[in-house]
Amino acid sequence: MQPTDLSSLSSDRWLNKSVIDIEHRYRLLIEAVHDYAIFMLDASGCVQTWNPGAERIKGYAPAEVIGRHFSLFYTDEDIAHRKPEQLLSTARSRGQVEDEGWRLRKDGSRFWANVIITAIIGSDGALKGFAKVTRDMTERRRLEELERLQLRSALIQHAREAEQKRIARELHDDLGQRLSALKMALSADQAKLAGQGKEITAQIDAMADSLRRIAADLRPPGLDDLGLEAALEWLTESFARRYGIEVRLAVDGDIERFSELATISLYRVVQEALTNVARHANAKTVSVGLSTTDSFCRLSIADDGDGLPAIATPRVDAFGLIGMHERAMQIGGELVIESQQGEGVTLTLLTPLARIRTE
Ligand SMILES: Nc1ncnc2c1ncn2[C@@H]1O[C@H](COP(=O)(O)OP(=O)(O)O)[C@@H](O)[C@H]1O
Ligand SMILES: [Mg+2]
């Protein structure tokens, strides 16, 4: 985008009217605009003109603001980062600059602004000043934020429902069936029953196993009393046994003083990642690493399977990866997914220790 050339306004080709007339028409137009702040700055950034939209959005009457430097609309933080100067210098070099951010009203309140600054170059090529158009986007931003939150809570709700459905199904299919079998065995006549003692005992043992497994899924054993490392050992060992996939677990550093939320979150990320390895990866080995440095905690789960599919078909009911991102976010961390076709998937969760330590 080239800087606007004021001389084109006075060209006869442009409009067959005198400059005064055009300026008058423009002024009327700008005066009529109430939804946008439209004003001019001189080359040093001082306010030269002020329309009713600017007064409405920013709260200053023309006399209060004309002649003052436009950095008055910026937050202390932006001023410390020299943002006003940087925007003007970008507008000067590129012709125009657009920015979104918090700006201040006269009463000190903030509003979310979309700002476009255009450099005005005179016919002699010298910088005459800047035209600035500002729009108050606070309401739109608030709505977007609300939409994001609503979507997020809907996702969480959906994940919770899916989890409850899964548990209900396991209870019904697994325990329910075993109970029916047991009931049938018991309702046979007593004479026959005597010979079935062994079978009934076996059924009861199997039910106890199922019960333990389902309960363990709901609340990981050992997490409360033995801690995260022991719980991860139990999880990885039972995973290896159940799926015949080798698991290497390496815990390194001080993971003792993690908050309850951090402990359960890290555990659930490993659990969900391992579930994905079992379901999707075709892996032989998976490495789980949990370590701390001075200021960070790092969790990684790396498998040597097929990697993520090249073309991911979005599914509304796939909550594993989304859930892991959510859990990472909840403890102030970030989850990064890396994948190479044929070389497996690596999940890395990095979170500041300051967020997850209890003193
Ligand atoms: N370790 C992995 N190896 C290969 N593909 C994976 C792995 N983890 C996840 N995926 C792929 O990512 C998709 C989304 O995973 P996820 O969000 O957990 O949903 P779901 O497990 O219910 O399919 C999976 O369907 C699968 O295609
Ligand atoms: Mg999954």
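Just so you know, these numbers come straight off a predicted model, no measurement behind them.

With that out of the way, let us pick up the packing of helix α10 (residues 260-281) against helix α11 (residues 320-330). In contact at an axis separation of 10 Å, α10 and α11 are set at 160° when each is read in the N-to-C sense. When the interaxial angle is binned, α10 and α11 end up roughly antiparallel. Crossing of α10 against α11: the hand is left-handed. From α10, Leu-261, Ser-265, Arg-268, Val-269, Glu-272, Ala-273 and Asn-276 reach across to α11, where they touch Gly-320, Leu-321, Met-324, Arg-327 and Gln-330.

Over its 12 residues, helix α5 (residues 83-94) runs 16 Å from end to end, which matches the ideal 16 Å to within 8%, given 1.5 Å per residue. Among the residues of α5, Lys-83, Pro-84, Leu-87, Leu-88, Thr-90 and Ala-91 are the ones counted as buried. For α5, the angular spread of the buried residues around the axis is 160°, confining them to a single face. Buried-residue contacts for α5 involve β2 (36-42), α4 (76-80), β3 (96-104), β4 (110-121) and β5 (127-136).

Right, let's get into the domain arrangement of the protein chain. Along its sequence, the protein chain is carved into domain 1 (4-136), domain 2 (139-218) and domain 3 (223-359). Between the C-alpha centres of domain 1 and domain 3 there is a distance of 51 Å.

It is worth spelling out the pattern of salt bridges at this point. Tallying each qualifying case throughout the model produces 12 salt bridges. Notably, a salt bridge pairs Asp-99 with Lys-83, separated by 3.1 Å at the nearest N-O pair. Here Lys-83 lies in helix α5 and Asp-99 lies in strand β3, a separation of 16 residues in the sequence. Each member of the pair, Asp-99 as well as Lys-83, carries the same accessibility label: buried. With a shortest N-O distance of 3.6 Å, Arg-105 and Asp-136 are connected by a salt bridge. Residue Arg-105 is located in the loop between β3 and β4, and its partner Asp-136 is located in strand β5; the two are separated by 31 residues in the primary sequence. Overall, Asp-136 belongs to the partly exposed group, its relative accessible area being 29%.

This part covers the packing of aromatic side chains. The full count for this structure, using the stated rule, is 7 aromatic pairs. Judged by centre distance (5.1 Å) and plane angle (80°), the ring pair of Trp-102 and Trp-112 falls under edge-to-face. Residue Trp-102 is located in strand β3, and its partner Trp-112 is located in strand β4; the two are separated by 10 residues in the primary sequence. Seen from their ring centres, Phe-239 and Tyr-243 are 5.1 Å apart, and the 45° between their planes marks the pair as tilted. Of the two residues, Phe-239 and Tyr-243 both sit in helix α9 (residues 228-243), 4 residues apart, roughly one turn of that helix. A relative accessible area of 7% places Phe-239 in the buried class. The cationic tip of Lys-58 hangs over the ring face of Phe-73; the distance from NZ or CZ to the ring centre is 3.9 Å. One residue, Arg-141, lies across the ring of Trp-112, its end atom 3.8 Å from the ring centre.

Think of it this way: four donors in a tetrahedron around the metal ideally sit 109.5 degrees apart, and six in an octahedron ideally sit 90 or 180 degrees apart. Within the protein, Glu-272 (OE) and Asn-276 (OD1) serve as the donor atoms for the magnesium ion (ligand 2), at 2.0 to 2.7 Å. Here Asn-276 and Glu-272 lie together in helix α10, a separation of 4 residues that amounts to about one turn. Overall, the relative accessible area of 27% leaves Glu-272 in the partly exposed class. Here Asn-276 falls in the buried class, since its relative accessible area comes to 18%.

What counts, and where the lines are drawn
Residues numbered from 1 in each chain as written. Chains lettered and ligands numbered in written order. Predicted model: local features only at pLDDT ≥ 70, side-chain atom pairs only at ≥ 80, totals over all residues. Heavy atoms only, no water. Axes fitted to C-alpha atoms, helices over the stretch in contact; angles between N-to-C directions. Helix = DSSP H or I, 4+ residues; strand = E, 2+ residues; numbered from the N terminus. Parallel < 35°, antiparallel > 145°, perpendicular 65-115°, else oblique. Left-handed = near helix turned anticlockwise from the far one by under 90°. Contact = heavy atoms within 4.5 Å. Expected span 1.5 Å × (residues − 1). Buried < 20%, exposed > 50% of the residue type's maximum accessible area, 1.4 Å probe, protein only. Arc of directions from axis to C-beta. Domains from an automatic or database assignment. Salt bridge = Lys/Arg side-chain N within 4 Å of Asp/Glu carboxyl O. Phe/Tyr/Trp six-rings, centres within 6.5 Å; stacked < 30°, edge-to-face > 60°. Lys NZ or Arg CZ within 6 Å of the ring centre and 35° of its normal. Donors = N, O, S within 2.8 Å, 3.2 Å for Na, K, Ca; no water.

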